[in-house]
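For reference, the chains in residue letters:
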Amino acid sequence: MKNFFKRIAHFIVVDWAACLLLALTLLVAVAVVMFLQPVVLVIAAGQAEQDEQKVVQLLVEKLAKERSGVRLVPLWTNGSAESAAALNTGKADLAVIRSDIVVGRGASSLVSLRKFNPVLFTKKSTKISKLSDLRGKRIGIGGQGDMNQLLFRQILSQSGLLEQDYTLVPLKRGEQADYANQDKIDAFFSVSSGRTRSNEAFNDNIRKSWGEKLVVVIFEDAAALALRIRGVETGEIVKGFYGGDPPKPEVDTDTIILSNRLVASEKVNQNTAVALTRALFAMRDQRQSEVPELLAIAAPTRDIPTLPVHPGTVQLLDGVYEDFLDRYINHMFIAVALLGTLGSVVPAINARRRRVQREKSVEDLHHLLELSDRISLENDPIQTGQLLKEVDTIFQRSLVACAEGYVSSGTLVAIQAAVNRCHRSAELNIAV
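In short, a report on the structure.

Conventions adopted
- Residues numbered from 1 in each chain as written.
- Predicted model: local features only at pLDDT ≥ 70, side-chain atom pairs only at ≥ 80, totals over all residues.
- Heavy atoms only, no water.
- Core = buried A, V, L, I, M, F, W, Y, C linked by side-chain atoms within 4.5 Å.
- Buried < 20%, exposed > 50% of the residue type's maximum accessible area, 1.4 Å probe, protein only.
- Helix = DSSP H or I, 4+ residues; strand = E, 2+ residues; numbered from the N terminus.
- Contact = heavy atoms within 4.5 Å.
- Expected span 1.5 Å × (residues − 1).
- Axes fitted to C-alpha atoms, helices over the stretch in contact; angles between N-to-C directions.
- Parallel < 35°, antiparallel > 145°, perpendicular 65-115°, else oblique.
- Nonpolar A, V, L, I, M, F, W, Y, C, P; charged D, E, K, R; others polar.
- Pairing = 2+ DSSP bridges.
- Right-handed = clockwise from strand over helix to strand, strands pointing away.
- Left-handed = near helix turned anticlockwise from the far one by under 90°.
- Arc of directions from axis to C-beta.
- Salt bridge = Lys/Arg side-chain N within 4 Å of Asp/Glu carboxyl O.

Side chains that are nonpolar tend, in soluble globular proteins, to be buried together. Judged by nonpolar contacts, the single largest core of 28 residues is most densely connected at Leu59, Leu72, Leu94, Leu262 and Leu276. For this core, the elements supplying multiple residues, two or more each, are strand S1 (39–46), helix H2 (50–65), strand S2 (70–77), strand S3 (94–98), strand S4 (108–123), strand S10 (253–264) and helix H8 (270–287). Ignoring anything within four residues of it in the chain, the contact list for Leu72 reads Leu41, Ile43, Leu59, Val60, Leu63, Leu94 and Leu276. Leu131, Leu168, Phe219 and Ala226 belong to the second-largest nonpolar core, a separate cluster that totals 26 residues.

Between its first and last C-alpha atoms H2 spans 22 Å; for 16 residues at 1.5 Å apiece the expected length is 22 Å, and the two agree. Restricting attention to buried positions, one finds in H2 the residues Asp51, Glu52, Val55, Val56, Leu58, Leu59, Val60, Lys62 and Leu63. Of the residues one or two after H2, Arg67 is the one with positive phi, at around 50°.

What follows covers the packing of H2 against H8. The interhelical angle for the contact between H2 and H8, taken along N-to-C directions, is 105°, at an axis separation of 10 Å. Taken together, the axes of H2 and H8 are roughly perpendicular relative to one another. On the side of H2, the interface is formed by Val55, Leu58, Leu59, Lys62 and Leu63, while H8 contributes Leu276, Ala279, Leu280, Ala282, Met283, Gln286 and Arg287. By residue class, the composition of the contact of H2 with H8 is 9 nonpolar, 1 polar and 2 charged.

Attention shifts here to the pairing of S2. In this sheet, S2 lies alongside S1 in parallel orientation, the contact comprising 8 bridges. Bridging across to S2, Ile43 finds its partner in Pro74. The parallel pair S1 and S2, bridged by H2, forms a crossover whose chirality is right-handed.

To continue, consider the environment of Pro292. Along the chain, the position of Pro292 falls in the loop between H8 and helix H9 (311–318). Judged by its relative accessible area of 27%, Pro292 falls in the partly exposed class. For the pair formed by Pro292 and Asp51, sequence separation is 241 residues and the distance between their alpha carbons is 9.2 Å.

It is the contact of H8 with H9, at a shortest axis distance of 7 Å, that shows an interaxial angle of 55°. Comparing the axis directions of H8 and H9 gives the class oblique. Viewed along their axes, H8 and H9 form a crossing whose handedness is right-handed. Along the contact surface, H8 presents Gln270, Ala273, Val274, Thr277, Arg278 and Phe281, while H9 presents Gly312, Thr313, Gln315, Leu316 and Leu317. Across the contact of H8 with H9, the residue classes tally to 5 nonpolar, 5 polar and 1 charged.

All right, on to unusual backbone geometry then. The backbone phi angle of Lys127 is positive, close to 60°, even though this residue is not glycine. Judged by its relative accessible area of 73%, Lys127 is exposed. The backbone of Asp183 shows a phi angle near 55°, a positive value even though the residue is not glycine. Of note, Asp183 is situated in the loop between helix H5 (176–181) and strand S7 (187–193). A relative accessible area of 42% places Asp183 in the partly exposed class.

All right, on to helix H3 (residues 80–88) then. Within H3, the full set of buried residues consists of Ser80, Ser83, Ala84, Ala86 and Leu87. Each buried residue of H3 sits inside an arc of 160° when the element is viewed along its axis, so together they form one side. Note on H3: the residue one or two positions beyond its end, Gly90, has a positive phi of about 85°.

Attention now goes to the pattern of salt bridges. Following the criterion strictly, the structure yields 16 salt bridges and no others. In this structure, the salt-bridge partner of Lys115 is Glu233, at a minimum N-O distance of 3.2 Å. Pair noted here: Lys115 is in strand S4 and Glu233 is in strand S9 (residues 233–237), with a separation of 118 residues, a long-range link. What makes Lys115 partly exposed here is its relative accessible area of 26%. The closest approach of N and O atoms between Arg284 and Asp285, which form a salt bridge, is 3.1 Å. What makes Arg284 partly exposed here is its relative accessible area of 21%. Sharing partners across several salt bridges, the network here consists of Asp51, Glu52 and Arg114.

Here it is as structure tokens:
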């Protein structure tokens, strides 16, 4: 039992550095395996939002092709509201959501995928020039009806109009021209895309409604509306954005805008957010000529408290993001230095232990010779037995030291000879 504990002590003292190095190696191996495993996320996007759907599909293919640390699984929905519901219920980790839609706590935006212009059209004969002139009027609502109705009611509320002061007429795609020509509506509200191709198609429908009689009603005090209505930003409609002669609007005009954003749940960590943001901006810069939809990708506005920007994206945009190597390179150098120090300390400990054992062996050899002389002169058998027991203890200790490499075989032969001499002396005493 005593030898067992000696071996354990030897293992702890001598081989602890090797054990530590093995443990660190295993730890690093596990960390590398976990690091190389891709993060799989579900991304929800509306099938009706063709621009965003195309961007999402391209992003899915890019991440898979480049063997990125992130993989995306598309979840196609019926629109922005359904995508937001998927994010809020945990069915999706990412979602393309219009900025005025309510999202769950902890959600944050990565990029803006497309801008939208809330706009109100009418004709000259209605004499509607500002929002307060809509009292008692019939207003057609196009696009995503429920969301647009809620947004427009909020806009009108800021102008002092109550719901009973006007009538909203939900319209299906393409119906606005018939309703306008038949005088079934006095104005038409919609949220039009800022992308050129979509805007041209939208303008064609508007011109079929009121032609050159068309009037674009400007939203007064866009900055105040942006502060009071969820997800609304300030922006600008450039001169002639809606065509016409004279151009509509006739001058560059401040207005309110919305955006479709890629929104992440709180499950998406900083590194994943940075990887997705980088991939989207890289797609925009590399493929915008062949895929015009990518041109709309932009950094999200940060001054919307109801939809904050992900901290990882903020750091990336500000140029202060540090990746794994940037963050831990100093720690790695320190670890390597420590291991190097251990590599030099352990041999020094072993060398000192060998020197001590050699000195001890020499002392044991001299002591055995002394014991041999004492045994030869001892007449008491009991005392002789105790001296032989001490001799055997020294021999056992020398065998262990030799097995551990601290005592040479030559020294062990000399010790064994001294031990044999002690036993012969005892035998001679007994014979006498």
